[in-house]
Amino acid sequence: MKKNIAVLEGDGIGPEIVKEGLKVLHSIANKYGHQFSIHHAPFGAAAYFSHGSPFPEETKAICDEADAIVKGPVGLAVEEMKKIPQECRPELGAILPLRQRYDTFANYRPVRLPKSLAHFSPLREEIIGEGIDILMIRELVGGIYFGAKTEGPATGMQYAHDDCTYTDQQVRRIAEVAFEEARQRKALLTNVHKANVLATSRFWNEVVEDVRGQYEDVRYSSMLVDNAAFQLVKNPSQFNGVMLLENMQGDILTDQAGGVLGSLGLMPSACIGTEKGYVEPAHGSAPDIAGQNKANPYSMIGSIAFLFEKCLSLPRESEEIWRALFTVLERGYATIELAGARTASDRILSTSDFGDMVVSIIEEE
Ligand code: IPM
Ligand code: MN
């Protein structure tokens, strides 16, 4: 397979973890005879300072040309961010426009912790039980994130507002993605909502129930988001299967899931649209540890696994990356933020050692 890949390294730990992700991409390409041509482009806070925009025109052109996009985390330390006008900060000026441009409505965030790695979690081992294997599917281009906003002096009073809207089509397509995934996995689908308060949630549930009619073979349950937050800590594996979430609720619960695993560094993600997709870790750019070769590249390498599965339709290549990632951890290695009493001091890996080890496992298999 020959493909064009756009690479947006981003800020903070972005360049160093993207580098490890690309190492893994190239090693899979060698092994399976794929050809990738890689096109780096500026994106994020650094791009604002160097190009006057966090999502410069040249980057848009490179992404338009690409078959898929690899994106690192973006954002700088608080003091640096204050130098950037709100609308040019990477969240509103780059990430949301990127999602909108390619209509990447389906955000996949796997929450995986086998029993053998239960010690990474801050929860007790008996709570992890037989292990966690949840695929959180978050709607990514609708809801309050993309509604009209009013703020600042323009309002002429002490007032701000954010609109939350969902259309039938927006809910239907993400519900179909979630039901399809649950069907393929022969797994439970849990629909998360706040229908006791929000009109958009009541509407969401109506549409989800309608879609459910075509998936009678899929086990289904629905739960209020506040209860889901509680249950995720109390008994996470009850959700093993697929969780369907709207944009804002999904943002919050996916970070909570990272906490359950023990590190946001264990949260890869894919953002898939009707024609194109991109992959990114679910976490931020950790400017406090940038450049120190100690960030965990798992989330970025897992995102590369997703690139193969969801953007390039190469599931075998994806599986191989997942297997290598888990093999590193199961051999007792960990990056510093995960290392605890169970990690021997000679098994604490730097960012680049972690990537090298994943590559050597891929090569030995
Ligand atoms: C995420 C991030 C983004 C979001 C921010 C950076 C805009 O937190 O991908 O979860 O809120 O979606
Ligand atoms: Mn988030």
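As shown above, the structure is provided for reference.
Residues numbered from 1 in each chain as written. Chains lettered and ligands numbered in written order. Predicted model: local features only at pLDDT ≥ 70, side-chain atom pairs only at ≥ 80, totals over all residues. Heavy atoms only, no water.

1. Remarks on the site of ligand 1
Taken together, the residues surrounding ligand 1 are Glu91, Ile95, Arg99, Arg109, Arg138, Tyr145, Asp251 and Glu280. The separation between an oxygen atom of ligand 1 and a polar side-chain atom of Arg138 is 2.8 Å. Here an oxygen atom of ligand 1 and a side-chain polar atom of Asp251 are 2.9 Å apart. For ligand 1, whose free accessible area comes to 320 Å², the fraction covered by protein is 78%. One can see that ligand 1 is located within the largest pocket. It is helix α5 (residues 90–101) that contributes the most residues to the shell around ligand 1, three residues altogether. Of the residues belonging to the shell around ligand 1, the class tally is two nonpolar, no polar and six charged. (Near = heavy atom within 4 Å. Polar contact = N/O pair within 3.5 Å; in protein donor to acceptor, adjacent residues only side chain to side chain. Areas by Shrake-Rupley, 256 points an atom, 1.4 Å probe, with all protein chains shown as cover. 1 Å grid on protein atoms, 1.4 Å probe; cavity = no way out; pocket = protein on both sides within 12 Å on 5 of 7 lines; lining within 4 Å. Sits in = over half its atoms within 2 Å of the grid points. Helix = DSSP H or I, 4+ residues; strand = E, 2+ residues; numbered from the N terminus. Nonpolar A, V, L, I, M, F, W, Y, C, P; charged D, E, K, R; others polar.)

2. Some details on the packing of helix α7 (residues 168–185) against helix α8 (residues 199–212)
It is at 9 Å that the axes of α7 and α8 come closest, and there the two elements cross at 50 degrees. By the criterion of interaxial angle, the relationship of α7 to α8 is oblique. Read as a crossing pair, α7 and α8 show a hand that is right-handed. On α8, the residues that touch Asp168, Val171, Arg172, Ile174, Ala175, Glu176 and Phe179 of α7 are Phe203, Trp204, Val207, Val208, Asp210, Val211 and Arg212. Per-class residue counts for the contact of α7 with α8 are nine nonpolar, no polar and five charged. (Axes fitted to C-alpha atoms, helices over the stretch in contact; angles between N-to-C directions. Parallel < 35°, antiparallel > 145°, perpendicular 65-115°, else oblique. Left-handed = near helix turned anticlockwise from the far one by under 90°. Contact = heavy atoms within 4.5 Å.)

3. Topic: the sheet that holds strand β5 (residues 131–139)
Within the open sheet, the 10 strands sit side by side as β2-β1-β3-β12-β11-β4-β5-β10-β8-β9. Their pairing is mixed. With one partner strand each, in any of the chains shown, β2 (35–40) and β9 (220–224) form the two edges of the open sheet. Geometrically, the sheet is characterised by an average inter-axis angle of 25 degrees between neighbouring strands, direction not taken into account. Taken together, the two bridges between strand β3 (residues 68–71) and strand β12 (residues 277–279) define a ladder with parallel strand orientation. Its bridge partner being in β12, Val70 is matched across the sheet by Val279. (Pairing = 2+ DSSP bridges.)

4. Concerning the pairing of strand β4 (residues 106–114)
Most of β4 is tucked away: seven of the nine residues are buried. Pairing geometry for β4 and β5, over nine bridges, is antiparallel. Note that in β5 the partner of Ala106 across the bridge is Glu139. Where β4 and strand β11 (residues 270–272) come together, three bridges link them in antiparallel fashion. Bridging from a neighbouring strand, Asn107 pairs with Cys271 of β11. (Buried < 20%, exposed > 50% of the residue type's maximum accessible area, 1.4 Å probe, protein only.)

5. Concerning the side chain of Thr343
By the element assignment, Thr343 lies in the loop between β13 (334–335) and β14 (348–349). Judged by its relative accessible area of 11%, Thr343 is buried. Other than its neighbours up to four places away in sequence, Thr343 contacts Gly332, Ala334, Leu338 and Ile348.

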